[in-house]
Amino acid sequence: MDKKIRILMAKPGLDGHDRGIKVVARALRDAGMEVVYTGLHQTPEQIVEAAIQEDVDAMGLSILSGAHMALFPKIIDLLKSNNAEDILVTGGGIIPKEDIEELKKMGVSAIFGPGTPTTEIIKYIEENVKN
Amino acid sequence: MSDSAELVKRLLKGDRRAAAKLITLVENDNNGQSAKIMHLLHPHTKKAYIVGVTGAPGSGKSTLTDRLTHELRTKEKTVGVIAVDPTSPFTGGALLGDRIRMKESCTDKGVFIRSMGTRGSLGGLSRATNNAIRILDAFGKDFILVETVGAGQSEVDIVNSAYTSIVILVPGMGDDIQAIKAGILEIGDIFVVNKADRDGADRTVMELEMMLELNPKKNVWRPPIIKTIASRGEGVEELLSCIEKHRSYLESNNLLEKRQDCRNESELMDVLSYRINKYLLDDLKQSGSYTDLLKKICEQKIDIYTAADEILKILWKKS
Amino acid sequence: MFEKDKLEELKKEKKEWEEGSLKKVLDKFAERKDEFMSISDAPIERLYTPEEVEGLDYSEKIGYPGQFPFTRGVQPTMYRGKLWTMRQYAGFGSAEDTNKRYKYLLDQGQTGLSVAFDLPTQMGYDSDHQMALGEVGKCGVSISSLKDMETLFDGIPLDKVSTSMTINSTAAILLAMYIAVAGKQGVPPDKITGTIQNDLLKEYIARGTYIFPPAPSMRIVTDIFDYCSKNVPRWNTISISGYHIREAGSTAAQELAFTLANGMTYVDSAIKKGLDVDKFAPRLSFFFNSHNDFFEEIAKFRAARRIWAKIMAEKFGAKNPKSMMLRFHTQTAGCSLTAQQPYNNIIRTTLEALSAVLGGTQSLHTNSMDEAFALPSEESVKVALRTQQVIGFESGVANTIDPLAGSYFIEALTDKIEKEVLEYFDQIEALGGVLAALERGFFHKEIANASYRYQKEVEAAEKIVVGVNKFTTGEETQMNLLKVDPGVQKKQEDQIKALKEERDNKKVEELLGGIRQAAKGDDNLIPYITEAVKEYATLGEICDVLRDVFGEYKEQTVF
């Protein structure tokens, strides 16, 4: 069997807006990836544990509630303390530009804001997942 | 990429990241990785008890698996879960959503959950799943629950290779009769009528009972039918005690060994045919005589059976 | 609407036009597209004529404002009597921060309040709960106890201002707090006016802030109906919402169909509980999205009123005309806002707001231009409110009632949407009703398919989004965004700690025990909750008790 990109898609925190994440999950599946979808209301601990057990190459986190500056860093820290910082962390949602810069410094690989074509996300994941 | 021997060492020390990475390796099975891993793991397996859980989409199997996991955890058993979801035949991708219903178990260190896509190649799924089961077995899980929709032969094979197979039905979903037609009846050691608070639960139980009466395979073990409401955890304790009963039935009648033998034989056959395909036929396809024969068939100079005979001759000569 | 002979003549003329003038042009110049579609992917014809509305019976289908079937509006004078309520949804940070924003909005001429709560408040967690990490005060105001609610409405006379609260799973608790605050201002429960959203079904379908499984949720909803019909008679006990269904990616017809189907489920459940339909139904209200397909939205609002009136009269046997009136709040479409060229959002919002007004809304929220980045700044909220004021006071559209009635296009579209909605009702019925359809993932599947299709169309540039897939510049527009004070969480945590030291904890324990008993039995829960909040039992404490008794819901995920 061939190697497939595995990606975890999750909604950290309490935000219930899942239109975007569902569209992206479906697009990634249609691009041939295995998408582990864990749904709404996930704690950073649950997300990191799932990413480890599922041995994903990347994760896509969607936050529209404004809690990104608390949740992303927590997830990055947990990945580090589990020696799993090789997992590519990407995200999307309602996130102001200055926060995006801050998050990138912390180790978030990419943030896809509103209006990003799914093709761009697919391309990014394909190019940035380490083989 | 980490060396598989190193990963096996880490796995045996209880490193869950190593377990996860090993499953990925056997799933992808590049360069005969699986063979090497299985060779190293072999002495550490055959300890876990394997339970298959199958049911149509919407029957609540993930919820039931989750509840069963909880129940096992209260009895201080460790649990591995393998959840299989279909891969799209058109794109090769898959949406694996079983974890949604397993949020609580997710951070429990005594539980390891892995989602797998059915992927493409023939027999590949059962091979990958069986190997993943062995990995979790060597990882030290007491129980391994394998969850699939049970559609298609390879998924039926997976459930069939469990020691105890649970088949889930739901009242009024219209899939009960279909499921029976699909041959699920034969593989069920325990039947669960989930969402039993719905209308028609008793009727489904009755229909099942009648079907089981008609089943020509007269066993000493008569599959029990249990009503559950998985979302509230009702009936799950009873389900677990049925699993235990089935287990002691198998053990006291030397049937567990027999199931293991069957399992081993079918796996051996599977690996053999896979290898024959892969090594012999792949080699052959590269060779000139194969292309020549194919050309002759196209030109109507030779029939297919004669060509096959020719090929077999070549292969025998080789070996 | 036309005599038979006249209609025949018109049809003949139309045919002549098609074969003559039209054909001549089409032979030379193709139209811009082969097929013209609405944003919901409904085909739109080149021209609408009397032929498309030939079966339309004016008295039966259109009628007069304030009369059955209310197609033209629910009041006889509509905006000539009083403009819609201009109500901006707002809330962020601490109760103090939001109190300041409310006073600002009232000063700017806003006529009602609309409270946005943060997610912990909506999900039943106090600010100091681990699930609240990073969420406190972020997409709304944080309320953990009556103390916060007192601060939120400090200096705002609750007998004069009506308040809408977007609150669902914890609606009973927030309503109880509101009643308590009013009481402290000397305003009795029968004098307060406002709305709680209290629509749990759409939480499962689209919005995601559910706590309990459907059965106990429905029970709390009907407990509220019952309690309010006796004690808080001017309160809208539910705002049955299509807004979030649409935001999740549904079509216009799906938004309407699923919302009205939910509405029927609530009515049915209340009647089964023994409530008199004409007692509670006049207090039901609705909440729709106004998306950017101008005419489709207007038709949707008109169809909504007509369908609901018929349902209430025919299916539920309501006698009181007020039970048949579909009154609704509208918000412009958040999902139509773009992060690219954000000033364009002002124009989108204007068109969407105009649709809502031409569709006869009772109240309106206009989104702000910067909401694809953050909660709106004071400056951008002002522009959004001014948009409504320009429509109301300058444009002249409010001078006459339902001005687009009689347009062949609008009437044909209204009919068509009605028909699609009724077809959806049949499908839902066949699945065994809303709850059964929900369990089978029917709504999720329908919505996810529609939203995925739309995304594909945008990416293929079959649907144009200005500044996103056409007329792009690549420039970034700098905006002054609102920043929520990051210290709110800490402040809230300290306040809860202090509160728990100064209140009568023995009393609180007793009252929480009372809620537990009531939850296990059949008593109406609201009086128990009302008593507990007065003694400063926190929102999280009350929800913990209810979670323990009722359990928690897990999502149905279908793609």
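Residues numbered from 1 in each chain as written. Chains lettered and ligands numbered in written order. Predicted model: local features only at pLDDT ≥ 70, side-chain atom pairs only at ≥ 80, totals over all residues. Heavy atoms only, no water.

## Some remarks on the overall build of chain A
We count it as follows: Elements are defined by DSSP. Helices are runs of H or I of four residues or more, strands are runs of E of two residues or more, and each kind is numbered from the N terminus. For a compact globule the rule gives 2.2 Å times the number of residues to the power 0.38, and the radius of gyration it is set against comes from C-alpha atoms. A 1.4 Å probe rolled over the protein chains alone gives each residue an accessible area, and that area as a share of the maximum for its type sets the label: buried under 20%, exposed over 50%, partly exposed in between. Contact criterion: two residues are considered in contact whenever any of their non-hydrogen atoms come within 4.5 Å of each other.
Helices and strands together make up the secondary structure of chain A, namely five helices and five strands. Reading the helices (α) and strands (β) of chain A from amino to carboxyl end gives β-α-β-α-β-α-β-α-β-α. Against the compact-globule benchmark of 14 Å for 131 residues, chain A has a radius of gyration of 13 Å, which places it among compact chains. With the C-alpha coordinates of chain A rotated into their principal frame, the extents come out at 40 × 35 × 25 Å. In chain A, which comprises 131 residues, the share counted as buried stands at 67%. Contacts in chain A between residues at least 24 apart in sequence constitute 71% of all its contacts with a sequence separation of at least 6.

## With respect to the interface of chain A and chain B
So the rule is basically this: Two parts placed together each lose some accessible area under a 1.4 Å probe, and the buried area is that loss summed for both. Whenever Lys or Arg places a side-chain nitrogen within 4 Å of a carboxyl oxygen from Asp or Glu, that contact is recorded as a salt bridge. Any N or O atom pair separated by 3.5 Å or less is treated as a polar contact, with the protein-specific requirement of one donor-capable and one acceptor-capable atom, and with residues adjacent in sequence counted only for side-chain atom pairs. By definition, two strands form a pair when at least two bridges between them are found by DSSP.
Counting from both sides, the interface comprises 31 residues of chain A and, opposite them, 32 residues of chain B. In total, about 2,900 Å² of surface goes out of reach between chain A and chain B, with carbon and sulfur atoms giving 48% of it. Connecting chain A to chain B are eight salt bridges. Notably, a salt bridge pairs Arg16(B) with Glu49(A), separated by 2.6 Å at the nearest N-O pair. Run the count over chain A and chain B and you get 21 residue pairs in polar contact (both at pLDDT 80 or more). Top element by residues in the side of chain A that touches chain B is strand S2 (residues 34-42) of chain A. It accounts for eight residues. Here three bridges tie S2(A) to strand S3 (residues 94-96) of chain B, and the two strands are oriented parallel to one another. If you follow Glu34(A) over to S3(B), its bridge partner there is Ala94(B).

## Topic: unusual backbone geometry
With omega at 0°, the peptide bond leading from Phe68(C) into Pro69(C) counts as cis. The residue Pro69(C) is located in the loop between helix H2 (58-62) and strand S1 (85-86) in this model. Phi is positive for Asp55(A), which is not a glycine, with a value near 45°. Here Asp55(A) lies in the loop between helix H2 (44-53) and strand S3 (58-63). What makes Asp55(A) buried here is its relative accessible area of 8%.

## Observations concerning a negative patch on the surface
Residues and elements named next belong to chain C. Keep this limit in mind: Here the term patch refers to residues with relative accessible area over 30% and no salt bridge, with like charges joined within 9 Å and nonpolar side chains (Val, Leu, Ile, Met, Phe, Trp, Tyr) within 5 Å. Values of accessible area rely on a 1.4 Å probe in the Shrake-Rupley scheme; residue burial ignores everything except the protein chains shown. Under the convention used here, Asp and Glu are negative, Lys and Arg are positive, and both His and the chain ends fall outside the count. In this description, the location of a charge corresponds to atom NZ of lysine, CZ of arginine, CG of aspartate or CD of glutamate.
A cluster of acidic residues, Glu3, Asp5, Glu8, Glu9, Glu13 and Glu16, forms a negative patch on the protein surface. Relative to the elements of secondary structure, Glu16 occurs in helix H1 (residues 4-28). For Glu16, a relative accessible area of 49% puts it in the partly exposed group.

## What about the interface of chain C and chain A?
Opposite the 43 residues of chain C that make contact, chain A presents 37 residues. Interface area, chain C with chain A, both sides summed: about 3,000 Å², of which 59% is carbon and sulfur. Linking chain C with chain A are one salt bridge, by the criterion used here. The residue Lys483(C) makes a salt bridge to Asp99(A) at a minimum N-O spacing of 3.8 Å. Joining chain C to chain A, the criterion identifies 10 residue pairs in polar contact (both at pLDDT 80 or more). Listed by contribution, the elements that provide at least two residues to the side of chain C that touches chain A are helix H4 (119-123), helix H7 (200-207), helix H9 (243-247) and helix H18 (442-459) of chain C.

## Some points on the sheet that holds strand S10 (residues 363-365) of chain C
Whenever strands of a sheet pair, they do so through backbone hydrogen bonds, lying parallel or antiparallel. Residue and element names in this part refer to chain C. As summarised here, the arrangement of the five strands in space is S1-S10-S9-S8-S7, forming an open sheet in which the pairing is parallel. In this open sheet, the two edge strands, each paired with only one partner strand, are S1 and strand S7 (238-241). For S7 and strand S8 (residues 284-290), the ladder comprises four bridges, and the chain directions are parallel. The partner of Ile238 across the bridge, within S8, is Leu284.

## As for a nonpolar patch on the surface
A contiguous nonpolar surface patch, about 460 Å² in accessible area, is contributed by Leu268(B), Met269(B), Leu272(B), Ile276(B) and Leu280(B). Position of Ile276(B) relative to the elements: it lies in helix H12 (residues 255-286).

## Re the environment of Arg219(C)
Residues and elements named next belong to chain C. Position of Arg219 among the secondary structure elements: in helix H8 (residues 214-231). Judged by its relative accessible area of 16%, Arg219 is buried. Here the alpha-carbon distance between Arg219 and Ile391, two residues 172 residues apart in the chain, equals 41 Å. If near-sequence neighbours (up to four positions away) are discounted, Arg219 is found in contact with Lys273, Ala518, Ala519, Gly521, Asp522, Asp523, Leu525 and Phe550.

## Let's talk about helix H11 (residues 236-252) of chain B
Think of an α-helix as turning once every 3.6 residues; residues three or four places apart then point the same way. All names here are of chain B. Our working definition: In a helix, the anticipated span is given by 1.5 Å times the number of residues less one.
With 17 residues, H11 ought to run about 24 Å at 1.5 Å a step, and its terminal C-alpha atoms sit 24 Å apart, in line with that. Here H11 has its buried residues at Val236, Leu239, Leu240, Cys242, Ile243, His246, Tyr249 and Leu250. Following H11 by one or two positions, Asn254 has its phi on the positive side, about 60°.

## With respect to the packing of aromatic side chains
Convention followed: Only Phe, Tyr and Trp rings are paired, with Trp represented by its six-membered ring, and only when their centres lie within 6.5 Å; those with planes under 30 degrees apart are stacked, over 60 edge-to-face, the remainder tilted. Placement of a positive charge over a ring is assigned whenever Lys NZ or Arg CZ falls within 6 Å of the ring centre and within 35 degrees of the normal to the ring plane.
For the structure shown, the criterion picks out 29 aromatic pairs over all chains. Ring plane angle 65° and centroid distance 5.7 Å describe the contact between Phe288(C) and Phe328(C), whose orientation is recorded as edge-to-face. Here Phe328(C) lies in strand S9 (residues 328-332) and Phe288(C) lies in strand S8, a separation of 40 residues in the sequence. Given a relative accessible area of 2%, Phe328(C) falls into the buried group. Where Phe295(C) meets Phe409(C), the ring centres are 5.3 Å apart and the plane angle is 65°; that geometry is what we call edge-to-face. Of the two residues, Phe295(C) sits in helix H12 (residues 294-315) while Phe409(C) sits in helix H16 (residues 408-430), which places them 114 residues apart along the sequence. Assessed through its relative accessible area of 17%, Phe409(C) is described here as buried. Here the aromatic cluster, defined as three or more aromatic residues joined through ring pairs, consists of Phe286(C), Phe288(C), Phe301(C), Trp308(C) and Phe328(C). Residue placement shows Arg127(B) over the ring face of Tyr274(B); its charged tip is 3.6 Å from the ring centre. The ring of Tyr536(C) has Lys147(C) sitting right over it, with the charged end atom 4.8 Å from the ring centre.

## Focus: the sheet that holds strand S5 (residues 143-148) of chain B
Residues and elements named next belong to chain B. This is how it is decided: Here an axis means a line fitted to C-alpha atoms, over the contact stretch when the element is a helix, while the angle between two N-to-C directions is reported on a 0 to 180 degree scale.
The seven strands are arranged S4-S2-S5-S1-S6-S7-S8 in an open sheet whose pairing can be described as parallel. Across the chains shown, the open sheet's two edge strands, defined by having one partner strand only, are strand S4 (111-117) and strand S8 (225-227). Taken over all neighbouring pairs, the strand axes of this sheet differ in orientation by 20° on average, direction set aside. As paired elements, strand S1 (residues 49-55) and strand S6 (residues 164-169) share five bridges and run parallel to each other. Bridge pairing in S6 links Val51 to Thr164. On top of the sheet, helix H4 (residues 61-74) reaches S1, strand S2 (79-85), S4, S5, S6 and strand S7 (190-193); it is set at about 175° to S5, its chief contact.

## Regarding the pattern of salt bridges
Applying the stated criterion to the full structure yields 73 salt bridges over all chains. With a shortest N-O distance of 3.4 Å, Lys11(C) and Glu54(C) are connected by a salt bridge. One end of the pair, Lys11(C), is in helix H1; the other, Glu54(C), is in the loop between H1 and H2, with 43 residues separating them in the sequence. Using a relative accessible area of 38% as the deciding quantity, one classes Glu54(C) as partly exposed. In this structure, Glu31(C) engages Arg46(C) in a salt bridge whose closest nitrogen and oxygen atoms are separated by 2.8 Å. Of this pair, Glu31(C) sits in the loop between H1 and H2 while Arg46(C) sits in the loop between H1 and H2; the two residues are 15 residues apart in sequence, bridging distant segments of the chain. Given a relative accessible area of 33%, Glu31(C) falls into the partly exposed group. Taken together, the shared-partner salt bridges in this structure form one network comprising Arg6(A), Glu34(A), Glu54(A), Glu27(B), Arg99(B), Arg114(B) and Arg119(B).

## Some remarks on the domain arrangement of chain B
All names here are of chain B. Cut-off, in case you're wondering: The split into domains, and so the bounds of each, comes from an automatic or database assignment of domains.
Its domain assignment divides chain B into domain 1 (1-44), domain 2 (45-253) and domain 3 (270-318). Taken together, the contact pairs 19 residues of domain 1 with 17 residues of domain 2. Of the roughly 1,600 Å² buried between domain 1 and domain 2, counting both surfaces, carbon and sulfur atoms make up 62%. In this structure, Glu27 and Arg119 form a salt bridge, with 3.7 Å as the shortest nitrogen-oxygen distance. The interface formed by domain 1 and domain 2 contains five residue pairs in polar contact (both at pLDDT 80 or more). Secondary-structure elements contributing two or more residues to the side of domain 1 that touches domain 2 are helix H1 (4-12), helix H2 (16-28) and helix H3 (33-41).

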